[in-house]
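Tertiary structure, described
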Amino acid sequence: MIRIQGVNKHFGDFHALKDINLEVPRGQVIVVLGPSGSGKSTLCRTINRLETIDTGVIEIDGKKLPEEGKELAKLRSDVGMVFQQFNLFPHLTIRDNVTLGPTKVRKAKKADAAKRANELLTRVGIGNQADKYPAQLSGGQQQRVAIARALAMDPKVMLFDEPTSALDPEMVGEVLDVMTELAASGMTMIVVTHEMGFARKVADRIIFMADGEVVEDTDPESFFTNPQSDRAKDFLGKILH
């Protein structure tokens, strides 16, 4: 579903991604772990071209990611993204936030989009909040709206860039529950997170990054019980103790 080959990315003199090679089969859940500044979020943002790349190829479902223009917009709509900040439109109701993409980009009929929005909001546990505005919801509820909004585009892939890091601790669980349910439904997911319990329980694969490189690529059990690299051992030592 996602193929990344020889991808490099610089920010000025800083080499943020170093020759990244990664393949993600359909339906697989990958959790990307690593210390701050290791390139996790940059990797996530290159997959739908929010960040350009210097060299290499990224393909989504067999199609190369275009540089710009209509083709990029079309392919980008196949890749749902959920950020740390919820990025909801404050002047639109929750329902209208979710229907905006399908009506504008997918050219869905308003009634169909509204019906689908109601279904998705119910699925993420906030069907009764559809007529409210973002400011009237908690952070956890807003992040669940952001997930529903991404799902409304019927994406082939979902990217999550530290989706719980801006939330109060008591709200983290409700967002992770929605993501766990989504993973169980067969969605292809790449999740950048510091939530180790989620990583251990839900991931099919752990990608551990350090200094812009993929250092380990393995299953959760192997990573958490027997990390191979000193960087991963050091990271887990700090996180788990």
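Description of the structure in this document. Remember, predicted model here, so these are calculated numbers, not experimental data.

Points about the packing of aromatic side chains
Using the criterion set out here, one finds three aromatic pairs in the structure. Measuring from centroid to centroid gives 5.7 Å for F208 and F223, while their planes differ by 35°, and the two rings are tilted. One end of the pair, F208, is in strand β9 (residues 205-210); the other, F223, is in helix α8 (residues 220-225), and 15 residues separate them in sequence. Of the two residues, F208 and F223, neither departs from the other in class, the shared state being buried. For the ring pair F208 and F235, a centre distance of 5.2 Å and an interplane angle of 50° mean the geometry is tilted. Of the two residues, F208 is situated in strand β9 and F235 in helix α9 (residues 230-240); the sequence distance between them amounts to 27 residues. An identical accessibility class is assigned to F208 and F235; each is buried. An aromatic cluster is built from F208, F223, F224 and F235, whose rings are joined through pairwise contacts.

A short note on the sheet that holds strand β4 (residues 55-60)
If you walk across this open sheet you meet the four strands as β2-β1-β4-β5, and the pairing is antiparallel. Edge positions in the open sheet fall to β2 (14-24) and β5 (63-64), since each of these has one partner strand only. With five bridges joining them, strand β1 (residues 2-11) and β4 adopt antiparallel strand pairing. Its bridge partner lying in β4, Q5 is registered against V57.

Brief notes about the packing of helix α5 (residues 139-151) against helix α6 (residues 169-184)
Two elements in contact, α5 and α6, have axes separated by 8 Å at closest approach and are oriented at 20°. One finds that α5 runs roughly parallel with respect to α6. For α5 against α6, the interelement crossing comes out right-handed. Facing G139, G140, Q141, Q143, R144, I147 and L151 of α5, the residues of α6 in contact are M171, E174, V175, V178, M179 and L182. The residue inventory of the contact of α5 with α6, partitioned by class, reads seven nonpolar, four polar and two charged.

Rules used throughout
Residues numbered from 1 in each chain as written. Predicted model: local features only at pLDDT ≥ 70, side-chain atom pairs only at ≥ 80, totals over all residues. Heavy atoms only, no water. Phe/Tyr/Trp six-rings, centres within 6.5 Å; stacked < 30°, edge-to-face > 60°. Helix = DSSP H or I, 4+ residues; strand = E, 2+ residues; numbered from the N terminus. Buried < 20%, exposed > 50% of the residue type's maximum accessible area, 1.4 Å probe, protein only. Pairing = 2+ DSSP bridges. Axes fitted to C-alpha atoms, helices over the stretch in contact; angles between N-to-C directions. Parallel < 35°, antiparallel > 145°, perpendicular 65-115°, else oblique. Left-handed = near helix turned anticlockwise from the far one by under 90°. Contact = heavy atoms within 4.5 Å. Nonpolar A, V, L, I, M, F, W, Y, C, P; charged D, E, K, R; others polar.

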